[in-house]
Amino acid sequence: MSGDGHFDRVALIGLGLIGSSLGHAMKRGGLAGEIVGSARSDATRARALEIGFIDRAETNAADAVKDADLVVLCTPVGAVGAVAQEIAPHLAKGAILTDVGSVKASLIDDVGPHVPDGVHFIPGHPIAGTEQSGPDAGFPELFDGRWCILTPLEGSDPDMVAKLSSFWEACGTKIDVMDAKHHDLVLAITSHLPHLIAYNIVGTADDLETVTKSEVIKYSAGGFRDFTRLAASDPTMWRDVCLNNREAILEMFGRFSEDLAAMQRAIRWGDGDALFDLFTRTRDIRRSIVDAGQEVAAPNFGRDPAKED
Ligand code: NAP
């Protein structure tokens, strides 16, 4: 068993932003003897070969996983159950089966029952992404300095968890291990709610009658455009996140709505101290994120003011 993150044959099922970035990162680090890829469409598989982040493409996921010692499911969360069912009889004994899905508990319910004896199913989630999708969106540095959360099942072989951790570390990430339910709660507030709030505010602006669409676009540098980046994220992925992490998202929405009501009240009653205290506290959070190396300190998100409207 190697602790250097190297596998002889890696199968990537799904070749979009995350699958392609993983392919690039493996190529950069020389982490796989062979990378085999599969995706739904001919166009994606052909493009992946052309870009060169996979060595071989297979039309069927079942063919792609044959003799692979690492299989990574990189499809939207809603598709993993059917893919797991398709590949299960073809998985090699001793292989690690993992994934990159943004939701973990429901994914374990969908995939777990299909995993044959002798295959090590260790779910994972790299906390790295962009609003782009598809095989052209990936790049080798996507995971550098980011976290990858592994959510091993009860009874997972610690040696296999260590082996998968070494792989992700070689791709550039740091590793955290937690249980799936906790992952879903943490991600509900750090990722899911921010995206849903962004979808909502951009939708609201689009529906306004008193402010024109051209004004919203023209004056977007006032703050609105920072929400539009999140709200441009892949609709399939985010529909699946909502459907598969319903409880945790609704719990966080409950807290959010209470705090929003408190803010409305502070504004209504002119409670400047409450507003100032909150804005000071939140500014500190931003500083902590920069200090933790998860964001750059450059003003305006590092944008070039010369290119601003
Ligand atoms: P993406 O760019 O839209 O790519 C999805 C890929 O999955 C495409 O290659 C698609 O094939 C393929 N696919 C879809 N349904 C399939 C099926 N039934 N069988 C085989 N292949 C199928 O998505 P992504 O952003 O890489 O996201 C992939 C996963 O990563 C999701 O589970 C998401 O939750 C997770 N994730 C995303 C981010 C992010 O920021 N985007 C971050 C961390 C984790 P075609 O191209 O042929 O349609």
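Quick summary incoming for the structure in this document. This one's a predicted model, so the numbers in the text were calculated from it and none came from an experiment.

For the protein, the count of helices and strands is 12 helices and 9 strands. Since a compact globule built from 309 residues should have a radius of gyration of about 19 Å, the 21 Å found for the protein is in line with a globular shape. Buried positions account for 40% of the 309 residues belonging to the protein. Long-range contacts, defined here as pairs at least 24 residues apart, represent 74% of the contacts in the protein between residues at least 6 apart. When the accessible surface of the protein is summed, it comes to about 16400 Å², and 54% of that surface belongs to carbon and sulfur atoms. For the protein, the distance from the average site of its 29 positive side-chain charges to the average site of its 46 negative ones is 4 Å.

Around the ligand, the structure places 26 residues, and the nearest of them are R40, S41, T44, T75 and S102. Contact distances for the ligand include 2.8 Å between an oxygen atom and a backbone N or O atom of T75. Surface burial for the ligand is 86%, taken as the share of its 900 Å² of free accessible area covered by protein chains. Among the elements of the structure, α1 (17-29) and β7 (124-126) are those that each provide at least two residues to the shell around the ligand.

Mapped onto the elements of the fold, V186 is located in helix α7 (residues 180-207). Along the sequence, V186 and N60 sit 126 residues apart, while their C-alpha atoms lie 34 Å from each other.

Calculation rules
- Residues numbered from 1 in each chain as written.
- Predicted model: local features only at pLDDT ≥ 70, side-chain atom pairs only at ≥ 80, totals over all residues.
- Heavy atoms only, no water.
- Helix = DSSP H or I, 4+ residues; strand = E, 2+ residues; numbered from the N terminus.
- Rg over C-alpha atoms; globule rule 2.2 N^0.38 Å.
- Buried < 20%, exposed > 50% of the residue type's maximum accessible area, 1.4 Å probe, protein only.
- Contact = heavy atoms within 4.5 Å.
- Areas by Shrake-Rupley, 256 points an atom, 1.4 Å probe, with all protein chains shown as cover.
- Lys, Arg positive; Asp, Glu negative; His and termini not counted.
- Charge placed at Lys NZ, Arg CZ, Asp CG, Glu CD.
- Near = heavy atom within 4 Å.
- Polar contact = N/O pair within 3.5 Å; in protein donor to acceptor, adjacent residues only side chain to side chain.

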